[in-house]
Amino acid sequence: MERWSSGMYIKPVETNVGERLHYARSEPHRHDFYYVVLIAQGSMAMEVDHTSHELADRSLFLSFPGQIHSITSAELGRGWFLAFDPGLLDQQIKDLLNQCLSEVMLIDLAR
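So, here is what we can say about the structure in this document. (Residues numbered from 1 in each chain as written. Predicted model: local features only at pLDDT ≥ 70, side-chain atom pairs only at ≥ 80, totals over all residues. Heavy atoms only, no water.)

### Description of the overall build of the chain
Part 1 of the argument: Secondary structure assignment for the chain yields 1 helix and 8 strands.
Part 2 of the argument: For the chain, the N- to C-terminal ordering of α and β elements is β-β-β-β-β-β-β-α-β.
Part 3 of the argument: Summarising the internal contacts of the chain: among those between residues at least 6 apart in sequence, 76% fall at separations of at least 24.
Part 4 of the argument: Element-wise, carbon and sulfur atoms account for 52% of the exposed surface of the chain, whose accessible area totals about 7,000 Å². (Helix = DSSP H or I, 4+ residues; strand = E, 2+ residues; numbered from the N terminus. Contact = heavy atoms within 4.5 Å. Areas by Shrake-Rupley, 256 points an atom, 1.4 Å probe, with all protein chains shown as cover.)

Below, the structure written as structure tokens:
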């Protein structure tokens, strides 16, 4: 997360057709920001607050500040990583997100 701009970080992931970026297992850690992963093509396995989550083609993952997480494996072809500072949101939106995100939000966009 080295390129923050105005409280946001965004990084596209794109490989050549048929290729995948492989990520090694990351150590469990926590962030002080919201973290979003959008996978258009590929897969990712994560552990968040000691619960396993599987992301696949056309899925969206959102976690909130303070959650302990790690990537256990990933093979990404195309997608995005997005992080944003909670200070960018007004209090009503933060309250709503915190109510919705008592756990992680994982949405299958393929449906």
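### Brief notes about the pairing of strand 5 (residues 51-55)
Part 1 of the argument: As paired strands, strand 4 (residues 34-48) and strand 5 are joined by 5 bridges and run antiparallel to one another. Looking across to strand 5, one finds that Ala-45 is bridged to Glu-54.
Part 2 of the argument: As consecutive antiparallel partners, strand 4 and strand 5 are separated by 2 residues, and within that stretch Asp-49 has a phi angle of approximately 50°, a positive value. (Pairing = 2+ DSSP bridges.)

### Topic: the nonpolar core
Part 1 of the argument: Val-37, Met-44 and Met-46 are the most contacted members of the largest nonpolar core, which has 16 residues in total.
Part 2 of the argument: Taken together, the elements giving at least two residues each to this core come down to strand 1 (8-14), strand 4 and strand 7 (68-84).
Part 3 of the argument: Of all the elements, strand 4 adds the most residues to this core, at 6 residues.
Part 4 of the argument: Among all residues touching Val-37, those that are not within four sequence positions of it are Met-44, Leu-55, Ser-59, Leu-60, Phe-61, Trp-80 and Phe-81.
Part 5 of the argument: Core analysis: the second largest hydrophobic core is formed by 6 residues, Tyr-34, Val-36, Leu-62 and Phe-84 among them. (Core = buried A, V, L, I, M, F, W, Y, C linked by side-chain atoms within 4.5 Å. Buried < 20%, exposed > 50% of the residue type's maximum accessible area, 1.4 Å probe, protein only.)

### So, the packing of aromatic side chains
Part 1 of the argument: If you walk through the whole model with that rule in mind, you get 2 aromatic pairs.
Part 2 of the argument: Residues Tyr-35 and Phe-81 carry aromatic rings whose centres are separated by 6.3 Å and whose planes lie at 15° to one another, so their mutual orientation is stacked. In this pair, Tyr-35 sits in strand 4 while Phe-81 sits in strand 7, placing the two residues 46 residues apart along the sequence.
Part 3 of the argument: Looking at Tyr-35, the relative accessible area reads 7%, which means it is buried. (Phe/Tyr/Trp six-rings, centres within 6.5 Å; stacked < 30°, edge-to-face > 60°.)

This is a description of form; function is not addressed.
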